[in-house]
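Residue strings, one per chain:
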Amino acid sequence: MAEHGIELKGSSFTLSVVHLTDHDVGRVKRLLAEKVALAPAFFRAAPLVINIEKLLQTPDFSALAQALRELELVPVGVTGAKSDEARAAARAAGLAIVSTSKAAVTQAPAELKEPPAELLNQPGTKVHRGPVRSGQQVYAANGSLVVLGAVSNGAEVIADDSIHVYGPLRGRAVAGAKGNESARIYCQQLMAELISVAGHYQISAGLQGDNWEQAVTISLAGEQLTIDRL
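Residues numbered from 1 in each chain as written. Predicted model: local features only at pLDDT ≥ 70, side-chain atom pairs only at ≥ 80, totals over all residues. Heavy atoms only, no water.

Peer 1: Tell me about the sheet that holds strand β14 (residues 194-197), residues and numbers included.
Peer 2: Spatially, five strands are ordered β8-β10-β12-β14-β15 in an open sheet, and the strand pairing comes out mixed. Because the sheet does not close on itself, it has two edges, and the strands there are β8 (137-140) and β15 (200-203). The average angle at which neighbouring strand axes cross in this sheet is 5°, direction not considered. Note that strand β10 (residues 156-159) and strand β12 (residues 172-175) share three bridges and pair parallel. Opposite valine 157, over in β12, you have alanine 173 as the bridge partner. (Pairing = 2+ DSSP bridges. Helix = DSSP H or I, 4+ residues; strand = E, 2+ residues; numbered from the N terminus. Axes fitted to C-alpha atoms, helices over the stretch in contact; angles between N-to-C directions.)

Structure (structure tokens):
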């Protein structure tokens, strides 16, 4: 219902989640800085959820949120808080309490095609054989990435040049991580949570059109991502 220029609607967005195993803010900041340096254009001003379910004590949320902002990240919430005290501390630091759930999805795998030998043998190309599982990140520095398998939900593949996925792409794909605007993403089945080329990105909700679940190539034209069938 819209009233006085305001309309509230339910929606869904793709958010990055940082899983903490250390409550020391300084160490967390150093480790995150290394991750951000891999793809600065992608992470700049990215919203972030903090998962603390593996921590044995409540971190200093105010100091943690400040450290994330200094890395140009935007902390928006906390998940995995097991006690009322932890949830109260998160709220006091201006962070939302976020609930997560996982739905089981059963889907027949796409028939895999063999990549050309010249692609596999190209200098600087990193080849990952097998699936990229949820929570896993594969990064190809200063070159392209070839994945011989599926990229699962919650997984992330990053390359400074192009990404070739010989299987379903369900997670995140970040090509041209250091600003290469000629980088491309190729996949046999587009079902991605997020795609990005040289810092220009699009999330799942905007991808679910005619090219959804199809074999596609994704490139950057000006300031817009374009998706073409293979």
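Having seen the structure, we can now continue with the description.
Peer 1: I'd like a description of the side chain of glutamine 188, backed by residues and values.
Peer 2: For glutamine 188, the location among the structural elements is in strand β13 (residues 185-190). In this structure the side chain of glutamine 188 is engaged in a polar contact, spanning 3.4 Å, whose partner is the backbone nitrogen of glycine 167. (Polar contact = N/O pair within 3.5 Å; in protein donor to acceptor, adjacent residues only side chain to side chain.)

Peer 1: Describe helix α3 (residues 61-70), and please don't skip the residues or the numbers.
Peer 2: Residues of α3 that are buried: Phe61, Leu64, Ala65, Ala67 and Leu68. Projection of α3 onto a plane perpendicular to its axis shows the buried side chains occupying an angular sector of 160°, all on one side. Buried positions along α3 lie against α1 (25-38), β4 (47-51), β5 (74-79) and α4 (84-92). The N-terminus of α3 is capped by aspartate 60, whose side-chain oxygen sits 3.2 Å from the backbone nitrogen of serine 62. Looking one or two places after α3, you find glutamate 72, whose phi comes out positive at around 65°. (Buried < 20%, exposed > 50% of the residue type's maximum accessible area, 1.4 Å probe, protein only. Arc of directions from axis to C-beta. Contact = heavy atoms within 4.5 Å.)

Peer 1: Before we move on, can you summarise the pattern of salt bridges with the specific residues and values?
Peer 2: Throughout the structure, instances matching the rule amount to five salt bridges. Note that aspartate 22 is salt-bridged to arginine 27, the shortest N-O span being 2.6 Å. Of the residues examined, aspartate 22 reaches a relative accessible area of 24% and is grouped as partly exposed. Between aspartate 84 and arginine 87 there is a salt bridge, with the nearest N and O atoms lying 2.7 Å from each other. One end of the pair is aspartate 84 and the other is arginine 87, both in helix α4 and three residues apart, which spans about a single turn. One salt-bridge network, held together by shared partners, links Asp22, Asp24 and Arg27. (Salt bridge = Lys/Arg side-chain N within 4 Å of Asp/Glu carboxyl O.)

Peer 1: Tell me what's going on with the confidence of the model for the protein chain, and back it up with residues and numbers.
Peer 2: Detail in the predicted coordinates should be disregarded across regions flagged by low pLDDT. Mean pLDDT over the protein chain works out to 82, with 86% of the residues at or above the 70 mark. pLDDT under 50 marks residues 101-111. Its contacts with residues more than four places away, or in other chains, come to seven contacts. (pLDDT = per-residue confidence, 0-100.)

Peer 1: Outline the nonpolar core, listing residues and values.
Peer 2: One finds Val157, Leu169, Leu190, Ile195, Val197 and Ile218 to be the most contacted residues of the largest nonpolar core, which totals 30 residues. Every residue in contact with isoleucine 195, bar those within four places of it in the chain, is listed here: Leu169, Ala173, Ile185, Leu190, His200, Tyr201, Gln202, Leu207, Ile218, Leu225 and Ile227. (Core = buried A, V, L, I, M, F, W, Y, C linked by side-chain atoms within 4.5 Å.)

Peer 1: Mind laying out the pairing of strand β16 (residues 216-221), listing which residues take part and the relevant values?
Peer 2: Of all six residues making up β16, five are buried, and the element is well covered by its neighbours. Note: β13 against β16, three bridges, orientation antiparallel. Bridging from a neighbouring strand, cysteine 187 pairs with valine 216 of β16. Where β16 lies against strand β17 (residues 224-229), six bridges are found, and the strand directions are antiparallel. When the bridges of β17 are listed, isoleucine 218 appears paired with isoleucine 227.

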